[in-house]
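Coordinate inspection notes
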Amino acid sequence: DAMVIQNPRYQVTQFGKPVTLSCSQTLNHNVMYWYQQKSSQAPKLLFHYYDKDFNNEADTPDNFQSRRPNTSFCFLDIRSPGLGDAAMYLCATSRDLLQVRDNEQFFGPGTRLTVL
Amino acid sequence: AQRVTQPEKLLSVFKGAPVELKCNYSYSGSPELFWYVQYSRQRLQLLLRHISRESIKGFTADLNKGETSFHLKKPFAQEEDSAMYYCAPPMEYGNKLVFGAGTILRVKS
């Protein structure tokens, strides 16, 4: 009963070669998030979608983009991956954004990106 | 900006011993705080949130506004509690989270 699915689980790309990571959800949640988690560090929010509204965190590099074609799917595009972009990328969902009460984030298993 | 500090990277205790995972936050408003946990080879998941005042798997967390702390406690640690624990207050508003650096809890038999 996977609720937040990420594909692929492992992705290898070459320096500078665009890569897309995929996330889908069966929860029908309004909000989808992308986090970057580097080795031995905490997850760091890159951006989120509230429905179709995109919100970029101030310190997210321009190299990172996202698309949400429908409620269920959200993509993370890295236009020109550098060695420093190697990390675990976590997708999460929540029912709402502003109502913290009774709102937990549901995480996917993550995609581990390797940049050669 | 909201900040959270988990001072211990690793906490190692024996089975049956009490556990306290520390978390301190900075927040100007009324905080809503969460603890998330990641067991080995499993996804990150919510453990508990302070607003619910609940006990999950024997863990509790009390918000201390005077000390700006939200420490996670369990009176008797079990081996299955071994995991990475993240304290996560929200950003200035809403449900976007700022994760602490995390504390690895190792419960030894």
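My aim in this report is to walk through the structure given alongside it, one point at a time. These numbers were taken from a predicted model, which means no experiment stands behind them. Position numbers for residues count from 1 along each chain, tracking the sequence in the order it is written. Chain letters and ligand numbers both follow the written order, the letters beginning at A and the numbers at 1. Per-residue local features of the predicted model are confined to residues with pLDDT of at least 70, and side-chain atom pairs are confined, for both listing and counting, to 80 or more; whole-chain, interface and lining totals are unaffected and use all residues. Computation of side-chain values: all heavy atoms of the structure, hydrogens and water removed.

1. Overview of the state of the cysteines
By definition, disulfides here are pairs of cysteine sulfur atoms that lie within 2.5 Å. Scanning the entire structure with this criterion turns up two disulfides over all chains. Paired by a disulfide, Cys23 of chain A and Cys91 of chain A hold their sulfur atoms 1.9 Å apart. Taking the sign of the S-S torsion, -75° for the link of Cys23 of chain A and Cys91 of chain A, the bridge is left-handed. Here Cys23 of chain A, found in strand 3 (residues 19–25), pairs with Cys91 of chain A, found in strand 9 (residues 87–94); they are 68 residues apart in sequence, far enough to count as distant. Taking the relative accessible area as the measure of exposure, Cys91 of chain A reaches 0% and is therefore buried. Two residues share a disulfide in this structure: Cys23 of chain B and Cys87 of chain B, whose sulfurs sit 1.9 Å from each other. For helices the rule is a DSSP run of H or I covering at least 4 residues; for strands it is a run of E covering at least 2, with both sets numbered from the N terminus onward. Exposure categories follow from relative accessible area, calculated using a 1.4 Å probe and restricted to protein chains: below 20% of the type maximum is buried, above 50% is exposed, and the middle band is partly exposed.

2. Examining the layout of surface pockets
Only protein atoms enter the 1 Å grid used here, on which a cavity is any set of points holding a 1.4 Å probe that cannot leave and a pocket is any open set flanked by protein within 12 Å on both sides along at least five of seven lines; residues with an atom within 4 Å of a point are listed as lining. Grid points are joined across faces, edges and corners, and a volume is the space filled by probe spheres set on the points. There is about 610 Å³ of room inside the largest pocket. Contributing to the lining of the largest pocket are 24 residues, with Gln37, Met88 and Arg112 of chain A together with Gln38 and Gln42 of chain B lying nearest its centre. Within the residue set of the lining of the largest pocket, elements represented by two or more residues are strand 9 of chain A together with strand 9 (83–88) and strand 10 (103–108) of chain B. Looking at the lining of the largest pocket element by element, the count peaks at three residues for strand 9 of chain B. Ten residues, namely Ala, Val, Leu, Ile, Met, Phe, Trp, Tyr, Cys and Pro, are considered nonpolar, four, namely Asp, Glu, Lys and Arg, are considered charged, and the remaining ones, Gly among them, are considered polar. Here the residues of the lining of the largest pocket are counted per class, giving nine nonpolar, nine polar and six charged.

3. Some points on the sheet that holds strand 7 (residues 60–61) of chain B
Paired through their backbone hydrogen bonds, the strands of a sheet run either parallel or antiparallel. All names here are of chain B. Think of it this way: DSSP has to see at least two bridges between two strands before they count as a pair. Taken together, three strands build an open sheet; the order of strands is 3-8-7 and the sheet is antiparallel. Here the strands that pair on one side only, and so sit at the sheet edges, are strand 3 (19–21) and strand 7. Here two bridges tie strand 7 to strand 8 (residues 72–74), and the two strands are oriented antiparallel to one another. Bridge pairing in strand 8 links Thr60 to Lys73.

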